[in-house]
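Remarks on the overall topology
Listed below are the residues making up each chain.
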Amino acid sequence: MIKNGLAVLADPMQNKGTGFTQAERVELGIDGLLPSAVQTIEQQEAMVYERFCAQPTDLAKRMYLMSVLDSNTRLYYYSMARHLTEYMPMVYAPTVAQSIEGFDDHYFGSRVAYVDVKHPENIEKALKQFAGDSDIRLVVATDSEGILGIGDWGVNGAEILTGKLAVYTAAAAIDPTKILPVMIDAGTNRKELLDDPRYMGMRCERIRGKEYDDFIEEFVNVSLRLYPEALLHWEDFGRPCAAPILERYRDKVLTLNDDIQGTGVTVLGALEASRRVAGTSYDDAKIVIFGAGTAGMGIADQIVDGMVAFGNMTLEAAQARIYAVDRQGLILKGMPDLTEGQRRYAPRCLRVPCRRRSLDPRERRGDGQAHGPRRHLDRARRLHREGLPRHGGERRAPLHRPHLQPHQARGGNRRRRARLDGRPRLGDHWHPLGPGRAGRRDLSHRPGQQRPHVPGHLPGGPAPECQAREPRDAARRCPRPGRHGRHHDPGCPDPSAHGGAHRHNPQRGEGGLPVCHRRGDKPR
């Protein structure tokens, strides 16, 4: 169909703006509808990019680019090809999410075909009105229930189609006149949209079951009757519908689900490339997929196909190397409400090697728990780590005990406890801050011997002198109390102030030093 006059300028596929030559203006009858200057496409693109950079926000930049697309498609794609890395985040993810959420606030029209589930008889009419006589080779349809990252947004999801079409043309050089975007309105479960008087879709909860399935069946039949060479692309369908639709038609028509298959192929390509660089095989691989939704299970299916094709593995062996983690944790058989895809990758159990130290068989029962003296020690250490008292009471802050003296080890036989715990016996050297030993008692130190290194002490040097403390009980800090708390450090400035003896306070002072008090004073 030949257009003339204003119809030429109103058609974004034909319009070139000031890029029409003088001869073209006369031929098309638009010589009096444009300024006299004739600009090259490079000059026009420079103006577009300058205005793009002047926009204050990402959303404003996207809206400006969409206005260029709706008026001069040729200029839009020329500019996008020159600035692809800058334009892509504005045209598609992540800025498209802002455009969808604010669709009712700045709606200026979306160049897509609209159909709704309650009127399947209007499908053919809507497709013809949008495509006209175009030779459609790609039909991109969405019901926008599962828009990645933001979920269900009803007809607001039409914006995802404009972004997807831009990607197809800019990245794959597909002729935009051969692409048909279709917005399927099946309602929405988002209450804020149903309560918004500006919402432009059907005001009902999402239609499910037979009515929805019959509509999809009619949509597929009409699309293939009108465009028998077209590929059907399902975009951002929700979890209840995406995989079933793909399984129903994948062996009958040329079809694709971008979220299930497209993402999976991309991950498989990265996995295969990294495997070749590392020189490993799929026999050494175990894959954990974080997110067991439609896209996650699609990735798993593609990886399994790659293992079978490139790794010469059986289907069962490949599936056994995939583990899926969803919001409830690792997917296992027997969990309720698993999808068909999740059940394929749900093992019956997960065997994890035990890393606990072996105990005397007499102290271990069939349940694998420690009993006897070891059980009490384990409980005491756990309470100490969690900052809890041993005999109940309120929670307190954990104490930092880098060094304790032998006289502070109470109760029980030390030799027996050391033997059960795997610790050195008395007389053996043992560093109180060694690996895995923080907070345990030092059983090797004797008064008069060289002490192990502790924070605040010089290795091998004498302990610092007692330092007077400010509180009114005139307590002193003493890093080296003798046996049973008897003060023996000649460097203390005033041992007589305590009656010659200290009583140890388990709290620590600055630098991790113990705090001594006068006999009879209660430690704070």
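The rules behind the values
- Residues numbered from 1 in each chain as written.
- Predicted model: local features only at pLDDT ≥ 70, side-chain atom pairs only at ≥ 80, totals over all residues.
- Heavy atoms only, no water.
- Helix = DSSP H or I, 4+ residues; strand = E, 2+ residues; numbered from the N terminus.
- Buried < 20%, exposed > 50% of the residue type's maximum accessible area, 1.4 Å probe, protein only.
- Contact = heavy atoms within 4.5 Å.
- Polar contact = N/O pair within 3.5 Å; in protein donor to acceptor, adjacent residues only side chain to side chain.
- Core = buried A, V, L, I, M, F, W, Y, C linked by side-chain atoms within 4.5 Å.
- Pairing = 2+ DSSP bridges.
- Axes fitted to C-alpha atoms, helices over the stretch in contact; angles between N-to-C directions.
- Parallel < 35°, antiparallel > 145°, perpendicular 65-115°, else oblique.
- Nonpolar A, V, L, I, M, F, W, Y, C, P; charged D, E, K, R; others polar.
- Phe/Tyr/Trp six-rings, centres within 6.5 Å; stacked < 30°, edge-to-face > 60°.
- Salt bridge = Lys/Arg side-chain N within 4 Å of Asp/Glu carboxyl O.

Put simply, Ala-93 and Pro-94 share a cis peptide bond, and its omega is 5°. Tracing the backbone shows Pro-94 in the loop between α6 (84–91) and α7 (95–101). The phi dihedral of Asp-236 is positive, around 55°, even though this residue is not glycine. Considering the arrangement of structural elements, one finds Asp-236 in the loop between β4 (231–234) and α12 (242–249). With phi around 60°, Asp-337 is a residue other than glycine that occupies positive phi space. Its place among the elements puts Asp-337 in the loop between β8 (329–330) and α16 (340–344).

Residue placement: Ser-99 occurs in helix α7. Among the residues examined, Ser-99 registers a relative accessible area of 1% and is labelled buried. With 40 residues separating them in the primary sequence, Ser-99 and Leu-59 have C-alpha atoms 6.7 Å apart. Those residues in contact with Ser-99, other than ones at most four positions away along the chain, are Leu-59, Arg-62, His-106 and Glu-159. Among the polar contacts listed, one links the side chain of Ser-99 to the side chain of Glu-159, at a separation of 2.8 Å.

Here we take up the nonpolar core. Counting 36 residues, the largest nonpolar core has Leu-65, Tyr-76, Met-80, Val-91, Ile-100, Val-140 and Ile-160 as the members making the most contacts within it. Every element with two or more residues in this core is listed here: α3 (41–54), α4 (58–71), α5 (73–82), α6, α7, β2 (138–142), α9 (158–172) and β3 (179–185). Looking at this core, the element that brings in the most residues is α9, giving six residues. In contact with Ile-100, not counting residues within four places along its chain, are Ile-147, Ile-150, Trp-153, Asn-156, Gly-157, Glu-159 and Ile-160.

As a further point, take the environment of Ile-30. Within the fold, Ile-30 resides in the loop between α2 (22–28) and α3. A relative accessible area of 0% places Ile-30 in the buried class.

With that settled, the discussion passes to the sheet that holds β2. Sheet architecture is open: five strands sit in the order β1-β3-β2-β4-β5, paired in parallel fashion. Looking at which strands have only one partner, the edges of the open sheet turn out to be β1 (113–116) and β5 (255–257). Mean inter-strand twist for the sheet, computed between neighbouring axes without regard to direction, equals 25°. Where β2 and β4 come together, four bridges link them in parallel fashion. Bridging from a neighbouring strand, Leu-138 pairs with Leu-231 of β4.

A few words on the packing of α4 against α5. The N-to-C vectors of α4 and α5 enclose an angle of 135°; their axes lie 5 Å apart at closest approach. The orientation of α4 with respect to α5, classified from their angle, is oblique. Where α4 approaches α5, its residues Leu-65, Met-66, Val-68, Leu-69 and Ser-71 are matched on the opposing element by Thr-73, Tyr-76 and Tyr-77. For the contact of α4 with α5, the per-class residue count stands at six nonpolar, two polar and no charged.

Turning our eyes to something else, we now look at the packing of aromatic side chains. Pairs of aromatic rings are described using the distance from one ring centre to the other and the angle between the two planes. The full count for this structure, using the stated rule, is five aromatic pairs. Aromatic pair Tyr-49 and Phe-52: ring centres 6.2 Å apart, planes at 20°, arrangement stacked. Of this pair, Tyr-49 and Phe-52 both sit in helix α3, separated by three residues, roughly a single helical turn. Overall, Tyr-49 belongs to the partly exposed group, its relative accessible area being 23%. Exposure remark for Phe-52: the relative accessible area of 3% places this residue in the buried category. An aromatic cluster is built from Tyr-49, Phe-52 and Tyr-87, whose rings are joined through pairwise contacts.

Moving on to the packing of α5 against α6. Contact pair α5 / α6: the axes reach a minimum separation of 6 Å and the direction vectors enclose 120°. Contacts from Tyr-76, Ser-79, Met-80, Ala-81 and Arg-82 in α5 reach Leu-84, Tyr-87, Met-88 and Val-91 in α6. A breakdown of the residues in the contact of α5 with α6 according to their chemical character gives seven nonpolar, one polar and one charged.

The next point concerns the pattern of salt bridges. Tallying each qualifying case throughout the model produces 23 salt bridges. For Glu-45, the salt bridge goes to Arg-82, with nearest N and O atoms at 3.3 Å. Within this pair, whereas Glu-45 is found in helix α3, its partner Arg-82 is found in helix α5, the two being separated by 37 residues in sequence. In this structure, Glu-124 and Arg-225 form a salt bridge, with 3.1 Å as the shortest nitrogen-oxygen distance.

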